Amino acid sequence: MNLASIPIEHINTRDHFVAHWALDRIKNIKERGESGADAIARVLFPELTVRSLLATFDDDILMVRLIRDLPEDLVVPHLHCLADNWVELPSLCAFPSAELLVRHLPGRAVDLFVAYLHGDTRISDRMYAILATAIDLPEPHRSGVAEAVMELAFRNGKTPSFDQLITLPVYRLAWSVDHPRCPELLSVIAKALPYGETRDIDRAILELSEIFTGEFAPCDLMTDRFEGYSVPVFSELAAFLPDASFAADLDRVVDSLGNLEHLSALEFFDRRKSDLPERAVSALEFLGEEWSGIPDLDNHDNTAALFSFFPACIAAAHWIAEPWAPAGGPDAALAYLTVDLPDIELPDGIVEMFAALPREDATSRLIESFEKYHDRYGALRIVELMGFLGYREFVPVLLKHLGSDFDRLSETITAVLIRYGETVAGDIIDALEKGPEGSFHYLVGALERIGGQSVGAYLDAHFDELVKEDKETAMNLVESVADPRFMERLKPLTGKGQELVDSAYLTLAKLHGTSSDELSALEALYNEQQREKARRREQFDAGELAASVPAMLHMEMACRACGDIARYDVGSVYITESSHKPFVADELRCIACGAEDTLDPTNLGAFCITAELMRITCIQDKREAREALDRSPLNLLPKLSVMGREMGLQEGIDLYREQIREEPGKGEHHIGLGNIYRAVKRFDGARLCYEAAVGLNPMLIEGWYGLSYLAGRDEDARRGFLALQKGVDQLPDIVWCHLNHSERRSFVSNYVGDYNDLKRFLNLPGPFIHHGMFGATQKIGRNDPCPCGSGAKYKKCCGK
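Residues numbered from 1 in each chain as written. Predicted model: local features only at pLDDT ≥ 70, side-chain atom pairs only at ≥ 80, totals over all residues. Heavy atoms only, no water.

A. Highlighting the sheet that holds strand β4 (residues 565–570). The strand order across the open sheet formed by 3 strands is β4-β3-β7, and the pairing between neighbours is antiparallel. The strands lining the two open edges of the sheet, one partner per strand, are β4 and β7 (599–601). Mean inter-strand twist for the sheet, computed between neighbouring axes without regard to direction, equals 50 degrees. In the sheet, strand β3 (residues 553–559) pairs with β7 via 3 bridges, with the strands oriented antiparallel. Paired with Met-557 across the two strands is Pro-601, which belongs to β7. (Pairing = 2+ DSSP bridges. Helix = DSSP H or I, 4+ residues; strand = E, 2+ residues; numbered from the N terminus. Axes fitted to C-alpha atoms, helices over the stretch in contact; angles between N-to-C directions.)

In structure tokens, the structure reads:
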């Protein structure tokens, strides 16, 4: 028995690298629809190995994968161990372990959940796990957890504040056991919801619709329609709402709501509320009264979203979730499948029906239907049906539409190509050679899951370009093929801060029995990086938000010189108050070509920065938030204006460099570039710019002051004073280049103060300077120090 051409007996899953690799291969077998994945898992992960891996908390991601990806019967024997350590388990493990405990040890789960709720009031991964899984507990266990949750929500007799992510799951659990304080919690929801963002309201009423009626599809249709999406009207959905008059009446209400006529929705609800359970009616009537009191409903941004909830709940009571009846034949089946609704199941009966058709008939029908509806949700079911049939005639049409703007379609096509397996590897490789750029990641993703010799040959031929364009994709292919010949090609890329590359290299080494001191050192460094990430995840879950902020960001960047995309450890990122790209101030070299200062964040890198900024903004305590920002690599700057235009920092640098090339004799451009460098703490670059500026024109006073500032950072007082003195030597014929009138006042005040302070500190002879020498007027209070530098008050000196 082999896995990716490696004999099973050579695969040591007690090693974490190999365990991850084996779980990926088992997952790929399942995605290809092949049998035997569970049997291989049982050979690779015997009981002692599973126990050993679950007992170490160093690799929290591996623990999650073991719990989720292994056959359940391999993990269940270790549930008591997981329960004993549930509060100490890594936070990522909280949810998957809670799911298993609820299914197999419900009594123990209740004890753990209630104890945690009584002892901890933070919103955390464990809290979310309790709320998400307790709903599946049998009675009376569920009521015990619901009571503890409601006690926590209303602790100390206080009304809870509304947080959609936590309040709605609490309400769902309380509703499921008919908790007596449900109306109080609904009141909290009702008061807060109308004033949120529309998208948040949409999500909330979808969840409430499912809580009250068990169905959310009609509500989803209405919210999509009010958001401007093209969706079917209810009259077109006879299979789901067979009462034509009811569907037409519902459409009229939706049209009225589009004009913000909320009373029509309430009237419709009042006429049909007997269709709903009494509890749901009471809750909806309360919400109707609460929201009807919102001022100026005819102009309220969220009126349509809020009041669509009432007819949507009535529609949910009539909705037939699985209306397929197999009597209609292939045409009726296609009509059902191609309805433009998401998340409709593909019934087994339809698969059997088309499998029984002559092959030519089935393929022509499905291809025609797919081409007609390729931009709608119905295409997803057609593609799934093609995958179950597995006819090669479908492959060209699937590849043709891969990478379309409809992301879910591309994802579904990729899943179907994976089911075809090695038989379509050549087609996928051909498509990669000539296909549209948008399909690249889907095609390579399919190859990675298919594996085999042809995939290895493709990787061998395109290794360098794949590594350059997308190291994650390339490393996934390397691990999928697991051929030892790629070790030599990977070796020069290791130890350069590319965790994915290091991981793939170490995995191959372990699979093929290679060891060395160099490998041991690389593994130790990699493991330390992973432990640090896990530590920050735990701090974040424990509410220690400031401590969880990293001092370095490991972010993806692209080289402007050679195009290589890689991840770099970044210690200083500047964000301006605008939509311009963030600027990385670290003076990094491209790991591929060695070029300096040519790296820009990719979209993924920019997202990494945004996520980090969001983490900091989540910190409510102002002092803690400041500490977190001080620790973080992120730096906030005001908007940057260069030559009268607002732009990003990199744009500003590029513009000044271009101006310097075009007008090399103008020192003003050097001053501007130096100011940007100084702002982002590239002090060596700033010094060169200021020196070039005053070398071209000594009367550029801003350059002398910049040089003095940099000398001060180096604690070189004499050099700082000499720079200021050379500026004073140009008075009164100085040149201003980047400061407006109001900024010049502050500049002169700082210049005079620094000059006189340094003169005193160095005990130098000669007169002090004052504001008037710059041609600037300065309002001086009578009790202020005299600007001449005498040390006396102004009224006792020059102000007499």
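B. Seen up close, the packing of aromatic side chains. Within this structure, the stated rule accounts for 25 aromatic pairs. Residues Phe-240 and Trp-319 carry aromatic rings whose centres are separated by 5.2 Å and whose planes lie at 25 degrees to one another, so their mutual orientation is stacked. One end of the pair, Phe-240, is in the loop between α14 (217–226) and α15 (244–258); the other, Trp-319, is in the loop between α19 (309–318) and α20 (329–337), and 79 residues separate them in sequence. Taken as a pair, Phe-240 and Trp-319 share a single burial class, namely buried. Connected via pairs of aromatic rings, a cluster forms that spans Tyr-171, Trp-175, Phe-212, Phe-269, Trp-291, Phe-307, Phe-309 and Phe-310. Above the ring of Phe-154, the side-chain terminus of Arg-181 is found at 4.1 Å from the ring centroid. One Lys or Arg, Arg-678, reaches over the ring of Tyr-709 and ends 4.8 Å from the middle of that ring. (Phe/Tyr/Trp six-rings, centres within 6.5 Å; stacked < 30°, edge-to-face > 60°. Buried < 20%, exposed > 50% of the residue type's maximum accessible area, 1.4 Å probe, protein only. Lys NZ or Arg CZ within 6 Å of the ring centre and 35° of its normal.)

C. Region of the structure containing helix α16 (residues 262–272). Taken as a whole, α16 has its buried residues at His-262, Ser-264, Ala-265, Leu-266, Phe-268 and Phe-269. Lining the buried residues of α16 we find α15, α17 (278–292), α18 (303–307) and α19. (Contact = heavy atoms within 4.5 Å.)

D. The domain arrangement of the chain, seen in detail. Along its sequence, the chain is carved into domain 1 (1–71), domain 2 (75–161), domain 3 (180–321), domain 4 (326–450), domain 5 (544–637) and domain 6 (641–769). In this structure, domain 5 and domain 6 have C-alpha centres spaced 28 Å apart. Between Asp-597 and Arg-657 there is a salt bridge, and its shortest N-O distance comes to 2.7 Å. Between domain 5 and domain 6 we count 4 residue pairs in polar contact (both at pLDDT 80 or more) in total. (Domains from an automatic or database assignment. Salt bridge = Lys/Arg side-chain N within 4 Å of Asp/Glu carboxyl O. Polar contact = N/O pair within 3.5 Å; in protein donor to acceptor, adjacent residues only side chain to side chain.)

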